[in-house]
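# Structural characterization, general
Each chain, letter by letter, is given below.
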Amino acid sequence: MSPWLQAYLTPSADAVKFAVKATLAMLLALYAALWCDLERPYWALISAALLQVRPMSGMVVEKGLSQIGGTLVGCGAGIVIMGLFAQAPIPALATLTLWIMICTYGSSLLRNNASYGCIMGAVTAMLIVVIGASQPDGIFSIAVARLSELSLGAACATLVSALLWPIKVGDHLGHQADAVVNQAFRHAALRLSDSDDPSALQQTLTDSLEPLTQLETDSQAARYEGPEGPGRIRASHVLTRRTLRLMATLHALQQILHHYGERLSPTIHRLAAELAEGFRESAEVSGVAPAQRRLHALRHRVKDCPDDDWTPLEQRCLLGLREALGHAVVMLDARDAISHPGRMRLRGAALAWHRDHLIAGLNALRAGLIFSLLAAFWLATGWDNGQVAMLLGTLFSAFFATRDNPVVVCMMFAKGMLAAIPSALLFGHVLLAQASGFPMLAMLLMPPLFLGLLGAAVPRLMGYCLAFTIGNILLTMPGNGMDFSFDAFINRAIAVMIGLSAVVAGFRLLPGFGSRLRKRRLVGAIVGDLRRLTSPPIHEAEARFVGGMADRLLHLAKHDDVLPEDQRHLFTLGLTGLDIGYACLQVRRRLDDLPDEPLHRAKRDFFAALAQAYADSARGHSPSAVQPAGEAFVEAVRHQPGLSERQHARLAGLAQRLELSLERQAQRARASRGLVPPPPQADVA
């Protein structure tokens, strides 16, 4: 069935509840704004609509606070600009353009609702400067009015979200954690069974990483839902770390099993098959406890396996199997702690995130260009409705900048706005002109708003339907003194389409950096992180490395999706970097407390060689410097009396495994360029 038919003919109960809640919040905001006789009540409607997009109570509170904070800062910026250039419109608009660029830059670097706060700072300052150009004596009252309207919408959205069918962030995080764990376990089963289906491997990994990155972002809103919120946040941090550790360990294990399986004993292969089946069963069972019992049994089975006569590579492989099970067990503990944070206290520091300042700078430049074009058009024509075009240009140029394909998203919004034109003409002008009193106003505004929000509950339709909802509000502009003339309506409709057209043109003129440059920057960021793993404390280094790698893996996977199948190696490149980073952190945990300075010097040289070899392997060059640096490191380890022979063997096996992994990565990079025949299919994903 078409998603449109499904959304409107057989809507889910959750979609209906979402539409009812959001519509009621908007009507409540409109009633309060009309009762308070605010200048532009429709801003309260838009505020309530945007806050209800993700209706979990904690997220509504967090987004509302970010919106109010951004509005306050924007009011201050707008007042300062007009205080300096009240009689000089061109310098005022030039300064405003710079402010919009700064806000867009910050929005591109920040996460969660702090990004939304930056956008509101830009929009509020723009409204104050543009509206204040014709009322220079009323700047402060304009700022108070904008703050009042947006705050009123946020308060109404928060009230309705808390009282009517409340959805808790904790429940939402639990569903996300289930997706993360189940997909990670399915991925583990494919890796340990040495699957030769690269698309299934990449799909299960992507299906685990996408909710994982969303989980990390959404978990911050749990702090607004009572004393258990911090426990859920810590559990989310633990789940993120352990999931990525599991991914890195699994990638390394499959490389050994697939390419060097003849060097391993049959026992290793049997254990890997048992673990694959155990992970597959754990992904399918209902509840955390059965999966924990299954994995604990396998953990004891692997732990009791004798390895005295095994080679360093075999011991390293067995240790990898133990580590994979250990990570999986902690993942289940973290999953349980997200839903029931009172059962256990997990320790997990906040994560750093990948931020690309060059891309943020391009987004800021694009937003400044779009606003400058619209501002020049407004100055040249003196058209009152040019303010609407400038509003949409400012809002959407910043809002869409971080999307994967902003032009497509802009076109979705443009189609939704076009559909809103006949709807707003019928309900907001022809019928509403005959009505009197708030009940009739609400009855006539409710149908298009409810229908738009009902479709917005479907992720695939959100762009169209949210634009339809906002378009109806902007084209109708409900208030105490409405203008029902056809000329005013057509002018607003033209302004809406001009604003969106300017945004689309801006994204086409400055479409962003090509995939090759973005890949180089992602690889360069990973190399920089690997080089920095030697200096900060372990927990700080791990937080920064893990937080950035989750994003980078998703970006590399998306770049892989646009390449021909025989050239896809970027995702594996990210996994190799993740594996090397965790291996370095593991070495630090074992050796940092030892006082021997030659050992630490050899360790730093080994880490530097790994980072350089990773950069070389991304270009298809063999990691020639790893072997001598690894041999020197292993020799320094052997001179440590505090380490056992088994620890010596495991560290030697680790150095050997990393060298083999980098060599395979170099072969994949060369194959992607057509320099050598491609590696076997199992090695592509």
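Residues numbered from 1 in each chain as written. Predicted model: local features only at pLDDT ≥ 70, side-chain atom pairs only at ≥ 80, totals over all residues. Heavy atoms only, no water.

### What about the overall build of the chain?
- In terms of regular secondary structure, the chain is built from 25 helices and zero strands.
- Its C-alpha atoms give the chain a radius of gyration of 28 Å, within 12% of the compact-globule value 26 Å for 685 residues.
- Once the C-alpha set of the chain is aligned to its principal axes, its extents read approximately 90 × 50 × 45 Å.
- Within the chain, the fraction of its 685 residues that count as buried is 59%.
- The long-range fraction of contacts in the chain, counting pairs at least 24 apart against all pairs at least 6 apart in sequence, stands at 79%.
- Of the charged side chains in the chain, 63 are positive and 56 negative, and the gap between their average positions amounts to 2 Å. (Helix = DSSP H or I, 4+ residues; strand = E, 2+ residues; numbered from the N terminus. Rg over C-alpha atoms; globule rule 2.2 N^0.38 Å. Buried < 20%, exposed > 50% of the residue type's maximum accessible area, 1.4 Å probe, protein only. Contact = heavy atoms within 4.5 Å. Lys, Arg positive; Asp, Glu negative; His and termini not counted. Charge placed at Lys NZ, Arg CZ, Asp CG, Glu CD.)

### Here's the deal with the state of the cysteines
- Going through the model one piece at a time under the given rule, you end up with zero disulfides.
- In this model C465 remains outside any disulfide bridge; the closest cysteine sulfur is found in C410, 17 Å from its own. (Disulfide = S-S within 2.5 Å.)

### Topic: the pattern of salt bridges
- Per the counting criterion, the structure on display carries 18 salt bridges.
- The closest approach of N and O atoms between D178 and R335, which form a salt bridge, is 2.4 Å. One end of the pair, D178, is in helix α8 (residues 169-192); the other, R335, is in helix α13 (residues 312-339), with 157 residues separating them in the sequence.
- A residue is classified by how much of its surface remains accessible, and D178, at 30% relative accessible area, is partly exposed.
- Between R588 and D592 there is a salt bridge, with the nearest N and O atoms lying 2.8 Å from each other. (Salt bridge = Lys/Arg side-chain N within 4 Å of Asp/Glu carboxyl O.)

### What to know about the side chain of R588
- Looking at the secondary structure, you find R588 in helix α22 (residues 570-591).
- With near-sequence residues (within four places) excluded, R588 lies in contact with L533, T534, S535, P536, P537, I538, A541, K603 and F607.

### Observations concerning the environment of M477
- Within the element layout of this structure, M477 appears in the loop between α18 (462-476) and α19 (486-509).
- Separated by 186 residues in sequence, M477 and A291 have C-alpha atoms that sit 55 Å apart.

### Re the nonpolar core
- Formed by 111 residues in total, the largest nonpolar core has its most connected members in F185, L239 and L578.
- The greatest single-element share of this core, amounting to 13 residues, is contributed by α13.
- Excluding residues that lie within four positions of it along the chain, L239 makes contacts with A177, V180, V181, L212, L215, M331, A334 and I338.
- Counting 107 residues, the second-largest nonpolar core is a separate cluster that includes A77, M120, L374 and L466. (Core = buried A, V, L, I, M, F, W, Y, C linked by side-chain atoms within 4.5 Å.)

### Let's talk about the packing of helix α2 (residues 13-35) against helix α7 (residues 139-163)
- One way to put it is that α2 packs onto α7 with a least axis distance of 8 Å and a crossing angle of 140°. Viewed along their axes, α2 and α7 adopt a mutual orientation that is oblique. In this structure, α2 crosses over α7, and the sense of that crossing is right-handed. Each of K21, A25, L28, A29, A32 and A33 in α2 lies in contact with α7, whose residues at this interface are L152, G153, C156, A157, L159, V160 and S161.
- Tallied by class, residues from the contact of α2 with α7 come to ten nonpolar, two polar and one charged. (Axes fitted to C-alpha atoms, helices over the stretch in contact; angles between N-to-C directions. Parallel < 35°, antiparallel > 145°, perpendicular 65-115°, else oblique. Left-handed = near helix turned anticlockwise from the far one by under 90°. Nonpolar A, V, L, I, M, F, W, Y, C, P; charged D, E, K, R; others polar.)

### Details of the packing of aromatic side chains
- Taken as a whole and judged by the stated rule, the model has twelve aromatic pairs.
- With a centroid separation of 6.5 Å and an interplanar angle of 40°, the aromatic rings of F606 and F607 are classed as tilted.
- Ring geometry for F606 versus F633: centroids 5.1 Å apart, planes at 10°, classification stacked. Residue F606 is located in helix α23 (residues 597-618), and its partner F633 is located in helix α24 (residues 626-638); the two are separated by 27 residues in the primary sequence. Judged on exposure class, the residue F606 and its partner F633 are both buried.
- Chaining the aromatic ring pairs together yields one cluster made of F396, F399, F400 and F413. (Phe/Tyr/Trp six-rings, centres within 6.5 Å; stacked < 30°, edge-to-face > 60°.)

### Remarks on a nonpolar patch on the surface
- On the surface, a nonpolar cluster with roughly 270 Å² of combined accessible area is contributed by W4, Y8 and L451.
- Inspection of the secondary structure puts Y8 in helix α1 (residues 3-9).
- A relative accessible area of 30% means that Y8 is categorised as partly exposed. (Patch = residues over 30% accessible without salt bridge, like charges linked within 9 Å, V, L, I, M, F, W, Y side chains within 5 Å. Areas by Shrake-Rupley, 256 points an atom, 1.4 Å probe, with all protein chains shown as cover.)

### Considerations on the packing of α8 against α13
- The N-to-C vectors of α8 and α13 enclose an angle of 165°; their axes lie 9 Å apart at closest approach. The orientation of α8 relative to α13 falls into the category roughly antiparallel. Between α8 and α13 lies a crossing of left-handed hand. When α8 is examined against α13, the residues G170, L173, G174, A177, D178, V181, A184, F185 and L192 are found in contact with a partner set consisting of L321, A328, M331, L332, R335, I338 and S339.
- Considered class by class, the residues forming the contact of α8 with α13 number eleven nonpolar, three polar and two charged.

### Concerning unusual backbone geometry
- Phi angles above zero are rare outside glycine, and D37 is one such case at about 55°.
- Among the secondary structure elements, D37 is positioned in the loop between α2 and α3 (42-51).
- The class of D37 is exposed, set by a relative accessible area of 55%.
- Although it is not a glycine, M477 sits at a positive phi angle of roughly 50°.

### So, the confidence of the model for the chain
- In this model, the chain carries a mean pLDDT of 84, and residues with pLDDT of at least 70 account for 95%.
- For the chain, per-element mean pLDDT is lowest for helix α21 (residues 538-561), which scores 73, and highest for helix α5 (residues 89-109), which scores 93.
- Ignoring residues within four places in sequence, the model shows residues 677-685, a span with pLDDT below 50, making 29 contacts including any to other chains. (pLDDT = per-residue confidence, 0-100.)

### With respect to the side chain of Q220
- Looking at the element boundaries, Q220 is found in the loop between α9 (198-218) and α10 (229-259).
- Reaching out from Q220, the side chain makes a polar contact with the side chain of R223 at a distance of 2.7 Å.
- Every residue in contact with Q220, bar those within four places of it in the chain, is listed here: E62, N112, I233 and H237. (Polar contact = N/O pair within 3.5 Å; in protein donor to acceptor, adjacent residues only side chain to side chain.)

### A few points about helix α14 (residues 357-381)
- Relative to the 36 Å expected for 25 residues at 1.5 Å per residue, α14 spans 36 Å between its end C-alpha atoms, a close match to the ideal helical length.
- The set of residues buried in α14 consists of A360, L362, N363, A364, R366, A367, G368, I370, F371, L374, A375 and W378.
- Buried positions along α14 lie against α5, α6 (112-132), α15 (386-399) and α19.
- At the N-terminal boundary of α14, the capping side chain belongs to D356, with an oxygen 3.1 Å from the backbone nitrogen of L358.
- In the segment just after α14, G382 is the residue with positive phi, at about 65°. (Expected span 1.5 Å × (residues − 1).)

### Topic: the environment of L395
- Relative to the helices and strands, L395 resides in helix α15.
- Through-space distance from the C-alpha of L395 to that of A188 is 42 Å; in sequence the pair is 207 residues apart.

### Notes on helix α16 (residues 406-431)
- Look at α16: 36 Å from first C-alpha to last across 26 residues, which is about the 38 Å you get at 1.5 Å a residue.
- In the structure, α16 departs most strongly from a straight axis at A424, where the bend amounts to approximately 35°. (Bend = angle between axes of the 7 residues up to and from the residue.)

### Looking at the environment of A86
- Assignment of secondary structure puts A86 in the loop between α4 (57-85) and α5.
- Separated by 512 residues in sequence, A86 and P598 place their C-alpha atoms 67 Å apart.

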